[in-house]
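One-letter residues, chain by chain:
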Amino acid sequence: MYRVNGQTVIEDDATEPVSTVSTEQIGLSFEREDSQRLILATLDSFAFIWRGQYDHWDTFVAEVEQAWLRYRGAVRVSMIEGIGVRFVNHIAVPQPAIEVQDYLRTTIHLAPQLPQTMTNMFMQATIPFDEEGCEVTITSGPLPGQVLLLDIDARSNVLLSTSDPDFDERLLESLTTLRRTKNFVFEACITDATRSLID
């Protein structure tokens, strides 16, 4: 993993701007041979990405735990300050010309005075869930090939010390809360038409 830094400078006596680009390594990425799993690791962050068809939460957690323990041992993590789960849903719809509202309850609504045909759409909203101690960012829009995007990113600020005897239990509890909130948001955002497509 690299960060690219670019800078353009225009000097008083120069006729052309001078641009410089530099890169610095900020971490490592590890990809499985079939490209279905990806781990992004820096000194202060860890991300486990499951690509392709989602299987089951317990399977997912088991794979994350295995990768996390290796990362934790290598980096010697002492504290976790933030945790998140993100599910990127692709909903294939049966016809090319659709009413987005037929499939998603959380979307853009055009004023009735405007033409009701959209050639492009992007919606994003961040909603706090105070009781769960997290916030959820919902992103939706059309994708090529008669597919709707419903991206749900649930995150919470935590303060978990790895030296705490209850660390593993508290970490799993936080993940479970985020997953439960994500499931609630997903069900709230889709319609019965979408349920019929994914059942």
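Everything quoted here is computed from the prediction, not taken from an experiment. (Residues numbered from 1 in each chain as written. Predicted model: local features only at pLDDT ≥ 70, side-chain atom pairs only at ≥ 80, totals over all residues. Heavy atoms only, no water.)

Enquirer: Give me the sheet that holds strand β4 (residues 37-42): which residues, what numbers.
Expert: Pairing in this open sheet of 3 strands is antiparallel, and the strands run β3-β4-β5 from one edge to the other. Every other strand in the sheet has two partners, leaving β3 (27-31) and β5 (45-50) as the edge strands with one partner each. The average angle at which neighbouring strand axes cross in this sheet is 10 degrees, direction not considered. Of the strands in this sheet, β4 and β5 are in contact with helix α1 (residues 57-75), which crosses β5 at around 150 degrees. (Pairing = 2+ DSSP bridges. Helix = DSSP H or I, 4+ residues; strand = E, 2+ residues; numbered from the N terminus. Axes fitted to C-alpha atoms, helices over the stretch in contact; angles between N-to-C directions. Contact = heavy atoms within 4.5 Å.)

Enquirer: A description of the pattern of salt bridges should follow, citing residues and the corresponding values.
Expert: Summed over all chains, the structure comprises 9 salt bridges. The salt bridge partner of Arg-195 is Glu-187, with a shortest N-O separation of 3.0 Å. A relative accessible area of 23% means that Arg-195 is categorised as partly exposed. Note that Asp-192 is salt-bridged to Arg-195, the shortest N-O span being 3.0 Å. Here Arg-195 and Asp-192 lie together in helix α3 (residues 192-198), a separation of 3 residues that amounts to about one turn. Residue Asp-192 is classed as exposed on the basis of its relative accessible area of 57%. One salt-bridge network, held together by shared partners, links Glu-187, Asp-192 and Arg-195. (Salt bridge = Lys/Arg side-chain N within 4 Å of Asp/Glu carboxyl O. Buried < 20%, exposed > 50% of the residue type's maximum accessible area, 1.4 Å probe, protein only.)

Enquirer: Help me get a handle on the sheet that holds strand β6 (residues 79-92), residues and values and all.
Expert: Taken together, 4 strands build an open sheet; the order of strands is β6-β9-β8-β7 and the sheet is antiparallel. Both edges of this open sheet fall to β6 and β7 (123-129), since each of them pairs with a single strand only. For this sheet the average axis-to-axis angle between neighbouring strands, irrespective of direction, equals 15 degrees. Bridging between β7 and strand β8 (residues 134-143) involves 7 bridges; their strand directions are antiparallel. Looking across to β8, one finds that Ala-125 is bridged to Ile-138. Where helix α2 (residues 167-189) meets the sheet, its contacts fall on β6, β7, β8 and β9 (147-161), and the angle it forms with β9 comes to roughly 155 degrees.

Enquirer: For the environment of Phe-184, give the residues involved together with the corresponding values.
Expert: With respect to the secondary-structure elements, Phe-184 resides in helix α2. Judged by relative accessible area, Phe-184 falls into the exposed class, the value being 54%. Distance in space between the C-alpha atoms of Phe-184 and Leu-114 is 32 Å, their sequence separation being 70 residues.

Enquirer: Can you tell me about the packing of aromatic side chains, naming the residues and giving the values?
Expert: Applying the stated rule across the entire model yields 10 aromatic pairs. For the pair Phe-46 and Trp-68, a centre-to-centre distance of 5.8 Å together with 65 degrees between the ring planes defines the contact as edge-to-face. Residue Phe-46 is found in strand β5, and its partner Trp-68 is found in helix α1; the two are separated by 22 residues along the sequence. A relative accessible area of 10% places Trp-68 in the buried class. A centroid spacing of 5.5 Å and a plane angle of 35 degrees characterise the contact between Trp-57 and Phe-60, whose relative ring orientation is tilted. Of this pair, Trp-57 and Phe-60 both sit in helix α1, separated by 3 residues, roughly a single helical turn. Residue Trp-57 shares its accessibility class with Phe-60, and that shared class is buried. (Phe/Tyr/Trp six-rings, centres within 6.5 Å; stacked < 30°, edge-to-face > 60°.)

Enquirer: Pulling in residues and values, what's your account of the nonpolar core?
Expert: In this structure, Ile-80 and Leu-150 are the most contacted members of the largest nonpolar core, which totals 41 residues. Only β4, β5, α1, β6, β7, β8, β9 and α2 provide two or more residues apiece to this core. Those residues in contact with Ile-80, other than ones at most four positions away along the chain, are Trp-68, Val-158, Leu-159, Leu-160, Phe-167 and Leu-171. (Core = buried A, V, L, I, M, F, W, Y, C linked by side-chain atoms within 4.5 Å.)

On their own, these measurements won't tell you what the molecule is for.
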